[in-house]
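# Architecture at a glance
Listed below, chain by chain, are the residues.
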Amino acid sequence: MYIVLAILIFGLLIVVHELGHFLVAKAVGVRVNAFSIGLGPRLFGKKIGETDFCVCAFPIGGACVMEGEDESSADERAFVNKPVWARFLVLVAGSAMNFLMGLVILAILVMPVKTLTTNVISGFPEALGGTNAGLLAGDEIISIDGERVLDPGKIAYLLSRSGNSSHTIVVRRGGEKVRLENAEIVPREFEEGGGLRYGINLETKEATFFSKLGYAGRISMEYVRMIRMSIMDLFSGAAKVTDMSGPVGITAVMSSAAKNYSLEVFFELAAFIAINLAVMNMLPLPALDGGRVFFLAVELVLGLFGVRKLNPKYENYVHLAGLVLFMALMVFVTFNDIVRLIKG
């Protein structure tokens, strides 16, 4: 049951993505030939107007097939014949819908909460050393090592990420920003709460409807930052390609979250994956929507020099090559996911 639930949520994320493309395409007058739930052979459906709405054999996503999306077309309503601004809106709509879905899930999850933790220090479980680290009760922590504190729950993560005990911390104190250079903060064993802690207690406040919405928004942006940091780790060597997960690994993790933890944790993970999909899809890489947006930017630049727009055929060659590489990566990642599952 949990595996089926995970597969359905994962499929829903992709359908929502394609729905974003569909709605904006129709809004700007692009001809949509087909909208499918699932991929592969067509099982059944109905043509409404110019669009074939259908269900396909494999419930692993969906597709929004637009006229002139991957080739030249004489139809004035073809995607390729629309102005740059219209094509841009269509391309970003999928990721926008995924981000919105993640934000809505987080907002729903946070609504029952009565109090929210703030960035304001209420005190220290023992003499951390407001003088040693330069921190004082009443300080509002704004940023740590150049990273803004969006979620108070991630303060320990930001402190531990650098691997150093010395940090640059910006706080708001008495209405003014104070920059603390070389603030020495290390995790220690505390009797209060147990385990290793950084020794900073934070204030809580009563949650209102709008503060809950704001918190959901900050968590969404925190997820975006986590994705950005993960990409940086991949390029720096701090993380490996073998650490990546594909649909198989994601489904397994979501199923485990629902089974071993709670549905709340499951849907938090679903929100993270939705936002992850939104961000990753906008990377300027071939075969992704971000890659297509990159070519729109190239078209705009060339237009400034009087060069007519690129032949879609050549752009599609680039996207096809990117798709082949992407599929090869997916095979590699899926193989690793299966190996991890077998090893338990």
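Further up the page is the structure itself.
Residues numbered from 1 in each chain as written. Predicted model: local features only at pLDDT ≥ 70, side-chain atom pairs only at ≥ 80, totals over all residues. Heavy atoms only, no water.

## Here we look at the nonpolar core
Quick note on the threshold: As used in this record, nonpolar core signifies buried Ala, Val, Leu, Ile, Met, Phe, Trp, Tyr and Cys residues forming a set joined through side-chain atoms within 4.5 Å. Think of it in three bands: with a 1.4 Å probe and only protein chains considered, a residue is buried below 20% of the maximum accessible area for its type, exposed above 50%, and partly exposed in between. Segments assigned H or I by DSSP are reported as helices when at least four residues long, segments assigned E as strands when at least two residues long, and all are numbered from the N terminus. Only heavy atoms enter the contact rule, under which two residues are in contact if any of them lie within 4.5 Å.
Core analysis: the biggest nonpolar cluster contains 23 residues, and L106 and Y223 have the highest contact counts within it. If you list the elements that add at least two residues to this core, you get α1 (2–27), α2 (84–110), α4 (209–236) and α6 (263–281). Looking at this core element by element, the count peaks at 7 residues for α6. Excluding anything up to four places from it in sequence, Y223 contacts L106, E268, A271, F272 and I275. Judged by nonpolar contacts, the second largest core, of 17 residues, contains I141, I155, I185 and I200.

## A few points about the pairing of strand β7 (residues 176–184)
Side-chain direction in a regular strand flips from residue to residue, so the side chains alternate between the two faces of the sheet. The following threshold applies: For two strands to pair, DSSP has to find at least two bridges joining them.
Two strands pair when backbone bridges link them, and strand β6 (residues 166–173) and β7 are joined in this way by 7 bridges, in the antiparallel orientation. Opposite I169, over in β7, you have L180 as the bridge partner. Hairpin connection between β6 and β7: a loop of 2 residues separates the two successive antiparallel strands, and G174 in this loop has a positive phi of roughly 60 degrees.

## Focus on unusual backbone geometry
A positive phi angle, close to 55 degrees, is found at N182, a residue other than glycine. Tracing the sequence through the fold places N182 in strand β7. Its relative accessible area of 57% is what places N182 among the exposed residues. Residues other than glycine seldom take positive phi values, yet A287 does so here, at roughly 80 degrees. Considering the arrangement of structural elements, one finds A287 in the loop between α6 and α7 (289–304). Overall, A287 belongs to the partly exposed group, its relative accessible area being 29%.

## Quick word on the packing of α2 against α4
Two measures define how a pair of helices packs: the angle their axes make with one another and the distance between the axes. We count it as follows: Here an angle of 0 to 180 degrees is reported between the N-to-C directions of two axes, which are lines fitted to C-alpha atoms, with helices fitted over the stretch in contact. Small angles under 35 degrees read as roughly parallel and large ones over 145 as roughly antiparallel, with 65 to 115 read as roughly perpendicular and the rest as oblique. For a crossing to be left-handed, the near helix must be turned anticlockwise from the far one by less than a right angle; the clockwise case is right-handed. Classification used: nonpolar for Ala, Val, Leu, Ile, Met, Phe, Trp, Tyr, Cys and Pro, charged for Asp, Glu, Lys and Arg, polar for all others including Gly.
At a minimum axis separation of 9 Å, α2 and α4 run at an interaxial angle of 130 degrees. With respect to their mutual orientation, α2 and α4 come out oblique. Between α2 and α4 lies a crossing of right-handed hand. Of the residues in α4, those touching α2 at F99, L103, L106, A107 and V110 are K212, L213, Y215, A216, G217, I219, S220, M221, Y223 and V224. When grouped by side-chain class, the residues that make up the contact of α2 with α4 number 12 nonpolar, 2 polar and 1 charged.

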